[in-house]
Amino acid sequence: MPHGHAHMLRLRRAARRRVELRHSGRMSAMPLIQISQTPGLTAEQKRATIEAVTQAYAEATGKDPATVWVTITEVPRDSWGVGGTPLG
């Protein structure tokens, strides 16, 4: 199955799951964990990070891992600053 097709199937399953959650009244209980970082992780590292963060949150809170959303946003180094000094 081509990568693009598999990706679309995953998106459709996720959309279906959101509809199921909305109808079950659990939509409001869905946590969203957002990670911002400089670019550099591979797709595999991102996948592993999302999996690990999801599991850690689910274990700590007792939430169903299927309801935990995780996003990774890559922010260019020149858009970060620490102590008043740009990183890029």
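Residues numbered from 1 in each chain as written. Predicted model: local features only at pLDDT ≥ 70, side-chain atom pairs only at ≥ 80, totals over all residues. Heavy atoms only, no water.

Asker: Explain the overall build of the protein chain to me, using residue names and the numbers behind them.
Answerer: Within the protein chain one finds 2 helices and 4 strands. Secondary structure of the protein chain in N-to-C order comes out as α-β-α-β-β-β. The buried share among the 88 residues of the protein chain stands at 14%. The long-range share in the protein chain, meaning contacts at least 24 apart out of those at least 6 apart in sequence, stands at 62%. (Helix = DSSP H or I, 4+ residues; strand = E, 2+ residues; numbered from the N terminus. Buried < 20%, exposed > 50% of the residue type's maximum accessible area, 1.4 Å probe, protein only. Contact = heavy atoms within 4.5 Å.)

Asker: So what's going on with the layout of surface pockets? Residues and values would help.
Answerer: Considered as a void within the structure, the second largest pocket measures approximately 410 Å³ in volume. Of all elements in the fold, only helix 2 (43-61) and strand 2 (69-74) reach the threshold of two or more residues within the lining of the second largest pocket. Here the residues of the lining of the second largest pocket are counted per class, giving 7 nonpolar, 2 polar and 3 charged. (1 Å grid on protein atoms, 1.4 Å probe; cavity = no way out; pocket = protein on both sides within 12 Å on 5 of 7 lines; lining within 4 Å. Points joined across faces, edges and corners; volume = space filled by probe spheres on them. Nonpolar A, V, L, I, M, F, W, Y, C, P; charged D, E, K, R; others polar.)

Asker: Tell me about the pattern of salt bridges, and name the residues and values.
Answerer: The tally for this structure, following the rule as stated, stands at 3 salt bridges. Arg47 is the salt-bridge partner of Glu44, the closest N and O atoms lying 2.6 Å from each other. Of this pair, Glu44 and Arg47 both sit in helix 2, 3 residues apart, which is roughly one turn of the helix. Looking at Glu44, the relative accessible area reads 47%, which means it is partly exposed. Residue Glu51 is joined to Arg47 by a salt bridge in which the shortest nitrogen-to-oxygen separation is 2.6 Å. With Glu51 and Arg47 both in helix 2 and 4 residues apart, the pair spans about one turn of that helix. Ionic contacts of the salt-bridge type, sharing partners, join the residues Glu44, Arg47 and Glu51 into one network. (Salt bridge = Lys/Arg side-chain N within 4 Å of Asp/Glu carboxyl O.)

Asker: Can you break down the confidence of the model for the protein chain residue by residue, with the values?
Answerer: When pLDDT is averaged across the protein chain, the result is 83; 67% of the residues are at 70 or more. Highest mean pLDDT in the protein chain belongs to strand 2 (97); lowest belongs to helix 1 (residues 3-24) (61). (pLDDT = per-residue confidence, 0-100.)

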